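Fold and contact review
Chain by chain, the residues:
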Amino acid sequence: MRIATWNVNSVRARLPRLVPWLERQRPDVLCIQETKVRDEEFPAEPLEDQGYNLVCFGQKTYNGVAILARHRIEAVVRGFPDDGEDADRRLLGAIVGDVVFLNVYVPNGQEVGSAKYRYKLDWLARLRHFLDQSYDLGEKLVVLGDFNVTFDDRDVYDPEAWREQIHCSLAEREALRRLAEFGLHDALRELHPEAGIYTWWDHRGGAFPKDHGLRIDHLLMSPKARKACSAVFVDRDERKGKGASDHAPVVAELD
DNA sequence: ATGGTGGGTTCCCCA
């Protein structure tokens, strides 16, 4: 099974990229973030025409997550159990085949010390609590998406410039580590220990041509999923050219 | 020195 995560930064704006990408990479399951669209306005048809079932959990303007799958999508979970109606739509769980997916769009946090930063740390703690309550580590479980946090300095193009900056602060990294300590493996890192693998490059300042990137999109796998995982790669080519998202897709093979 | 670009439905906010 080929699975992938991609922050598309508006599913409607990205359709001219997303449809050919699905044709090219043919993932069995794709989890997308930042769809930025209400469910009733989600552009389902061009994706269904590619042979995908889909579930979406979105809102106007901000956030929004969706799962596309070439097989039946079951046991769909929308948001945290204690979310109100007006909560950010950042979390979507489902089962496809024998794999349990949890698609996450972690809050950006804007700036270390800000109200949004505290919201981000709190959201990561709630996610850990949700895993404890509702997920079985004995399953093939994959928690994947845009975590907006680097694990360590290998994920950062200029670690000194980014020291204690957003995506890289110690408190964010500890929150991400506590999440992984549920028993999840950072699949890309275990297969590729070298520094300099990134998934996001700012649209501003020509960051991509200079390879000024961060690795903030992750696939965190339970032991069973990790054992089945034979490859993980960043589809860096998808970040090239006009009309690209600021994130590249991350793809993994599960045997 | 607070720049720059892209997306949304904005008269600015968010990433």
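To start, this report covers the structure provided alongside it. Note that the coordinates shown come from a computational prediction; the quantities given were computed from them, not determined experimentally.

1. So, unusual backbone geometry
Even without being a glycine, Arg26 presents a positive backbone phi close to 50°. Inspection of the secondary structure puts Arg26 in the loop between helix H1 (11-25) and strand S2 (29-33). According to the relative accessible area criterion, Arg26 is partly exposed, its value standing at 38%. The phi dihedral of Asn148 falls on the positive side, at around 55°, and the residue is not glycine.

2. Brief notes about the protein's contact with DNA strand B
Near DNA strand B, the surroundings consist of 15 residues, among which Ser10, Arg14, Lys60, Thr61 and Asn108 are the closest. For DNA strand B, the fraction of protein-proximal atoms (within 4 Å) that sit in sugar or phosphate groups is 73%. Side-chain polar atom of Thr61 to a phosphate oxygen of DNA strand B: 2.5 Å apart, as the coordinates give it. Note that a base nitrogen of DNA strand B is positioned 3.2 Å from one of the side-chain N or O atoms of Arg204.

3. Description of the packing of aromatic side chains
Under the defined criterion, the tally for this structure stands at six aromatic pairs. One aromatic cluster is present, built from ring pairs that chain together Phe80, Trp123, Phe130 and Tyr135. Its end group placed over the ring of Tyr52, Arg70 keeps NZ or CZ at 5.1 Å from the ring centre.

4. Brief notes about H1
When the terminal C-alpha atoms of H1 are compared, their 17 Å separation across 15 residues is substantially less than the 21 Å that a helix rising 1.5 Å per residue should span. Every buried residue of H1 is accounted for by Val11, Arg14, Leu15, Arg17, Leu18, Val19, Trp21, Leu22 and Gln25. On the buried face of H1, the contacting elements are strand S1 (2-7), S2, helix H2 (44-48), strand S4 (65-69), strand S13 (229-234) and strand S14 (250-254). Looking at the residues trailing H1, positive phi occurs at Arg26, about 50°.

5. Overview of the pattern of salt bridges
All told, the structure shown has 23 salt bridges when counted by the stated rule. A salt bridge links Arg38 to Glu41, with the shortest nitrogen-to-oxygen separation between them at 2.8 Å. With a relative accessible area of 34%, Arg38 lands in the partly exposed category. The residue Arg126 makes a salt bridge to Asp83 at a minimum N-O spacing of 2.9 Å. In this pair, Arg126 sits in helix H3 (residues 115-134) while Asp83 sits in the loop between strand S5 (73-78) and strand S6 (91-96), placing the two residues 43 residues apart along the sequence. Exposure remark for Arg126: the relative accessible area of 22% places this residue in the partly exposed category. Taking the relative accessible area as the measure of exposure, Asp83 reaches 26% and is therefore partly exposed. By sharing partners, the salt bridges in this structure join Asp153, Glu160, Arg163 and Arg173 into a single network.

6. Points about the sheet that holds S6
The six strands are arranged S5-S6-S7-S8-S12-S9 in an open sheet whose pairing can be described as mixed. The strands lining the two open edges of the sheet, one partner per strand, are S5 and strand S9 (185-186). Bridge count between strand S7 (residues 99-105) and strand S8 (residues 140-146): seven bridges; the pairing is parallel. Residue pairing for S8: Phe101 is matched across the bridge by Val142. Across the face of the sheet, H3 comes into contact with S5, S6, S7 and S8 while running at roughly 165° to S7.

7. Focus on the pairing of S2
With five of its five residues buried, S2 lies for the most part within the structure. Of the two faces of S2, both are covered, the one formed by Val29, Cys31 and Gln33 as well as the one formed by Leu30 and Ile32. Relative to S2, S1 runs parallel, the two sharing five bridges. Each residue of the ladder has a partner; that of Asn7, found in S2, is Gln33. Once the chain exits S1 it traverses H1 before rejoining the sheet at S2, and the crossover so formed is right-handed. Two strands pair when backbone bridges link them, and S2 and S4 are joined in this way by five bridges, in the antiparallel orientation.

8. Observations concerning the side chain of Thr5
Its location among the elements puts Thr5 in strand S1. In this structure Thr5 comes out as buried when scored by relative accessible area, which is 0%. Separated by 3.0 Å, the side chains of Thr5 and Gln33 make a polar contact. Other than its neighbours up to four places away in sequence, Thr5 contacts Leu30, Cys31, Gln33, Leu144, Gly145, His218, Leu219, Ala248, Pro249 and Val250.

The rules behind each value
- Residues numbered from 1 in each chain as written.
- Chains lettered and ligands numbered in written order.
- Predicted model: local features only at pLDDT ≥ 70, side-chain atom pairs only at ≥ 80, totals over all residues.
- Heavy atoms only, no water.
- Helix = DSSP H or I, 4+ residues; strand = E, 2+ residues; numbered from the N terminus.
- Buried < 20%, exposed > 50% of the residue type's maximum accessible area, 1.4 Å probe, protein only.
- Near = heavy atom within 4 Å.
- Polar contact = N/O pair within 3.5 Å; in protein donor to acceptor, adjacent residues only side chain to side chain.
- Phe/Tyr/Trp six-rings, centres within 6.5 Å; stacked < 30°, edge-to-face > 60°.
- Lys NZ or Arg CZ within 6 Å of the ring centre and 35° of its normal.
- Expected span 1.5 Å × (residues − 1).
- Contact = heavy atoms within 4.5 Å.
- Salt bridge = Lys/Arg side-chain N within 4 Å of Asp/Glu carboxyl O.
- Pairing = 2+ DSSP bridges.
- Axes fitted to C-alpha atoms, helices over the stretch in contact; angles between N-to-C directions.
- Right-handed = clockwise from strand over helix to strand, strands pointing away.

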